[in-house]
Amino acid sequence: MFTDFLFHLRAHGLKVSTTEWLSLMDAMSRGFVKSSLAGLYSTARAVLVKKETEYDIYDRAFGSFFEGIDAQFDVSEELLDWLSNPKLPKQLSEEDLKKIKEYDWDTLREEFEKRLKEQKERHDGGNHWVGTGGTSAFGSGGFNPMGIRVGDQGGGRSAVQVATDRRFQNLRSDRVLDTRQIGSALRRLRRLAKDSGPEELDIDLSIDESARNAGEIELVFAPPRRNRVKLLLLMDVGGSMDPYAELCERLFSAANAANHFKAFKHYFFHNCPYEQLYENIERWKGPTTADVLKQIDNTWTVVIVGDAYMHPYELTHVGGAIHYHHSNSDSGLDWLRRIRRRVPNSVWLNPEPERIWTAPTIRLIRTVYPMFPLTLDGISRAVDVMRGARPNEPNPADPVQPHSVRIW
Amino acid sequence: MGIDQFKGTADYITSAELRDAVNISVALEKPLLIKGEPGTGKTRLAEAIADQLNLELINWNVKSTSKAVDGLYVYDTVQRLNDSRFGGGDVDNIRHYIKYGALGRAIAADERKVVLVDEIDKADMEFPNDLLHELDRMSFTVDETGDVISAKQRPIVVITSNNEKELPDAFLRRCIFHFIAFPEKDLMEQIVRVHHPDVEQDLLDQALLRFYWLREQPEIRKRPSTSELIDWIAAMRRAGISPASIEEKLPFLGVLLKRETDLSAIKQARSRSGSPRRFGM
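Residues numbered from 1 in each chain as written. Chains lettered and ligands numbered in written order. Predicted model: local features only at pLDDT ≥ 70, side-chain atom pairs only at ≥ 80, totals over all residues. Heavy atoms only, no water.

A. Structural detail: the overall build of chain B. When its secondary structure is counted, chain B shows 13 helices and nine strands. Working note: accessible area of chain B is about 13100 Å², and carbon and sulfur atoms make up 46% of it. (Helix = DSSP H or I, 4+ residues; strand = E, 2+ residues; numbered from the N terminus. Areas by Shrake-Rupley, 256 points an atom, 1.4 Å probe, with all protein chains shown as cover.)

As structure tokens, then:
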């Protein structure tokens, strides 16, 4: 039974390692389970489940495995049985499989999640996990041709959506790993350099010098070596970016938690940054773009995250206004150029997979910013560019000529 | 060791599941990792364990600049250099300048200690990984002297995390884990009574009602915690607020809500609902 339970947990997506399993056996043989299912429940959870986000998975796995088992059921007898012959079968038994299958609605959801999970595992640890649910390349819903936002996220998601929502709740452990991975990728931005500012006592050099000085103390001061990277993160939120909210959150928490930047600022925008940036996406309040640009200079690095997918008007015309304005001085594209001019060391990260970067606005933005997919691989490439390596694509440092606007 | 060592103390109320987790961690000699909302008593747990088992508690407050090795030992080169120049101290004996950190002290001690590694997620990402070996073996080597310090009695290690950073899997695999869920009303009543033994039932009921209502408001970014509830009740008792006026006025709201935006959001929510007597109920 116990082995079946282990495989049942694994089948539900809990990554129970053999060490942890043996710890559980250890705890049980020390009498923690007290023969009762309740005891087994809390003991196994404390030993096997390491994230609160996995509690729900565990609960459902436990529930479905032990469903219908008598309350008088004696766990310890089963344990004795197992301990006298501790074999691990290769798979769940027919009976257990049947039991899971009979688990009607929940089973449906579990199977779906399991499939998502399997899919996830194949990508996990690699550099190429892309997007979120990936139910639709363009994040469903999106825009109608006139550039007016459709409130709902579009059709075909109802059943899927429930499961997807659950997935974010339940499988947040996947995100956990990802945040670490993104954090590690961002770490490469670190550029240690002798900093100006107050000097620090260099202990190694002081000892060396003192020894050379026959024990007469010689204190050596040197400027500290600090990471000098200053990062401004601008993120697109809402609309077509909704499906990627989770992914952006990951990038954000990784960047925010990384304490290796000398300075870190972040603002939000919708579709394209104009004269106003937002600190708070619920209240749409924040400083003007001009003010933000005043505070930063060419020693900064700007990372813009967005799908660059919008109506061309929003990019080429004032504030995305419908009517044509003869002066483009405040169009979205102008603001983008202005940011790039102020901070040449800038990149654009796009959560959409690279192969579908076909939207006209994407092409247009790529003339201003080198664009990379928001994957580990993409972030690494972006970091390379910011560190001074040549990108494989045109990276126009000079302002875009008007003709590129005229594709419209 | 028996398996039911820890039962919670008179002034620290635990759930049965948390007690189990503590006892399992003590019995299996594995570090206990505790997560939970701020104010749910993660740090207090270590004190309660030390209290109950009558052991000394050694506190290691992790900072963003903390390094794993600091918890084991620090070699005070500057002191030694100073002593060698100006006399004083036993300069020849390098051991004299090895200072044990929190974990190092616990491992080197003759008696069993409780070590609290508080807010491990504040440190650098690699911090937990750097401690894996030491937590497994409960021994470490002092590089400067080559001394190997091994625990005679494995310390009980309690680690808290606020989820600011995710912890590496290899580290998690070695821990016993418990997430302190926010206390339900019944448990909360017990907890409040520990701090306010003679609180009037009326006041307590009203305060709890308001408190849980506040926590449910979607506008609130930083939800009030247990410790804030206890302070709130203390403030109201001292000011002699009548239970009836709690609903009406929500006095001393600043004790519960620490963010300006939360305060104004609640004020708005109350004015939206018209009569202040009936908001949100």
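B. Up close: the overall build of chain A. When helices and strands are counted, chain A shows 16 helices and nine strands. Within the span of chain A, comprising 408 residues, buried residues form 50% of the whole. Surface accessibility of chain A: about 20000 Å² in total, with carbon and sulfur atoms responsible for 52%. (Buried < 20%, exposed > 50% of the residue type's maximum accessible area, 1.4 Å probe, protein only.)

C. View of the pairing of strand S7 (residues 147-150) of chain B. Residues and elements named next belong to chain B. Pairing of strand S6 (residues 139-142) with S7 involves four bridges; the strand directions are antiparallel. By the bridge assignment, Thr141 is partnered in S7 with Val148. Where S6 folds back onto S7 in an antiparallel hairpin, the turn is made up of four residues, including Gly146, whose phi is positive at roughly 80 degrees. (Pairing = 2+ DSSP bridges.)

D. View of a nonpolar patch on the surface. Judged by side-chain polarity, Leu201, Ile203, Leu219 and Phe221 of chain A together with Val78 of chain B come together as a nonpolar surface patch covering roughly 410 Å² of accessible area. Among the secondary structure elements, Val78 of chain B is positioned in helix H4 (residues 77-86). Judged by relative accessible area, which is 40%, Val78 of chain B ranks as partly exposed. (Patch = residues over 30% accessible without salt bridge, like charges linked within 9 Å, V, L, I, M, F, W, Y side chains within 5 Å. Salt bridge = Lys/Arg side-chain N within 4 Å of Asp/Glu carboxyl O.)

E. The arrangement of the side chain of Thr226 of chain B in detail. With respect to the helices, strands and loops of the structure, Thr226 of chain B is situated in helix H10 (residues 226-239). Each residue touching Thr226 of chain B, except ones within four places of it in the same chain, is listed here: Gly39, Thr40, Phe182, Pro183, Met188, Ile191 and Phe211 of chain B. (Contact = heavy atoms within 4.5 Å.)

F. Broad picture of the pattern of salt bridges. All names here are of chain B. Tallied over the entire structure, the rule returns 18 salt bridges over all chains. The salt bridge involving Lys258 is made with Glu228; its shortest N-O contact spans 3.0 Å. One end of the pair, Lys258, is in the loop between helix H12 (253-256) and helix H13 (260-272); the other, Glu228, is in helix H10, and 30 residues separate them in sequence. Among the ionic contacts, a cluster of salt bridges with common partners joins Glu56, Glu111 and Lys113.

G. Molecular detail of the packing of helix H9 (residues 201-216) of chain B against H10 of chain B. All names here are of chain B. With their axes 11 Å apart at the nearest point, H9 and H10 run at an angle of 135 degrees to one another. Viewed along their axes, H9 and H10 adopt a mutual orientation that is oblique. Crossing geometry of H9 relative to H10 is assigned as right-handed. On H10, the residues touching Leu203, Leu204, Ala207, Leu208, Arg210 and Phe211 of H9 are Thr226, Leu229, Trp232, Ile233, Met236 and Arg237. Of the residues assigned to the contact of H9 with H10, the class counts are nine nonpolar, one polar and two charged. (Axes fitted to C-alpha atoms, helices over the stretch in contact; angles between N-to-C directions. Parallel < 35°, antiparallel > 145°, perpendicular 65-115°, else oblique. Left-handed = near helix turned anticlockwise from the far one by under 90°. Nonpolar A, V, L, I, M, F, W, Y, C, P; charged D, E, K, R; others polar.)

H. Examining helix H2 (residues 42-53) of chain B more closely. Residues and elements named next belong to chain B. Its twelve residues give H2 an end-to-end C-alpha distance of 17 Å, which sits within 8% of 16 Å, the value for a rise of 1.5 Å per residue. Taken residue by residue, H2 has Lys42, Leu45, Ala46, Ala48, Ile49, Ala50 and Leu53 as its buried positions. Close packing links the buried residues of H2 with helix H1 (16-28), strand S1 (32-36), strand S2 (56-61), strand S5 (113-118), strand S8 (156-161) and strand S9 (176-180). Of the residues flanking the end of H2, it is Asn54, one or two places downstream, whose phi is positive at about 60 degrees. (Expected span 1.5 Å × (residues − 1).)

I. Here's a closer look at the nonpolar core. Judged by nonpolar contacts, the single largest core of 82 residues is most densely connected at Phe5, Trp21, Leu48 and Tyr58 of chain A together with Leu45 and Leu103 of chain B. If you look at the next biggest cluster of nonpolar residues, it comprises 30 residues, including Cys272, Leu277, Trp335 and Ile339 of chain A. (Core = buried A, V, L, I, M, F, W, Y, C linked by side-chain atoms within 4.5 Å.)

J. Quick look at the sheet that holds S5 of chain B. All names here are of chain B. Pairing is parallel in the open sheet, where five strands are placed in the order S2-S5-S8-S1-S9. Either end of the sheet is taken by a strand with one partner, and the two such strands are S2 and S9. With strand direction ignored, the average angle separating the axes of adjacent strands in the sheet is 20 degrees. Sheet topology note: the S1/S9 ladder contains five bridges and is parallel. Each bridged residue has a counterpart across the sheet, and for Leu32 the counterpart in S9 is Ile176. Helix-sheet contacts for H1 involve S1, S8 and S9, and the interaxial angle to S9 is about 160 degrees.

K. Quick look at the sheet that holds strand S5 (residues 230-236) of chain A. All names here are of chain A. Here we have five strands laid out as an open sheet, ordered S6-S5-S7-S8-S9, and parallel in their pairing. Where the open sheet ends on each side, the last strands, each with one partner, are strand S6 (263-269) and strand S9 (371-373). Adjacent strand axes in the sheet meet at a mean angle of 20 degrees, parallel and antiparallel pairs treated alike. Sheet topology places S5 next to S6; seven bridges connect them, and they run parallel. Counted as the bridge partner of Lys230 is Ala263 from S6. The strands touched by helix H16 (residues 376-386) within the sheet are strand S7 (300-305), strand S8 (346-350) and S9, with S9 carrying the most contacts at an inclination of about 150 degrees.

L. Spatial organisation of the packing of aromatic side chains. A complete count under the given rule lists six aromatic pairs over all chains for this structure. Site record: aromatic cluster; members linked through ring pairs are Phe269, Trp348 and Tyr369 of chain A. Above the ring of Trp335 of chain A, the side-chain terminus of Arg338 of chain A is found at 4.3 Å from the ring centroid. Positioned above the aromatic ring of Trp213 of chain B is the side chain of Arg210 of chain B, whose terminal nitrogen or guanidinium carbon lies 5.7 Å from the ring centre. (Phe/Tyr/Trp six-rings, centres within 6.5 Å; stacked < 30°, edge-to-face > 60°. Lys NZ or Arg CZ within 6 Å of the ring centre and 35° of its normal.)

M. Quick peek at helix H8 (residues 185-195) of chain B. Residues and elements named next belong to chain B. Within the sequence span of H8, burial applies to Met188, Ile191 and Val192. Angular distribution of buried residues about the axis of H8 spans 100 degrees; they occupy a single face of the element. In this structure, the buried side of H8 is in contact with H9 and H10. (Arc of directions from axis to C-beta.)

N. Up close: unusual backbone geometry. Residues and elements named next belong to chain B. At Glu29, a residue that is not glycine, the phi angle is positive and equals roughly 55 degrees. With respect to the helices and strands, Glu29 occurs in the loop between H1 and S1. Assessed through its relative accessible area of 39%, Glu29 is described here as partly exposed. Positive phi, close to 60 degrees, is recorded for Glu119, a residue that is not glycine. Here Glu119 lies in the loop between S5 and helix H6 (127-137). The partly exposed category is assigned to Glu119, whose relative accessible area is 22%.

Everything listed here is a matter of coordinates, which is why it stays silent on function.
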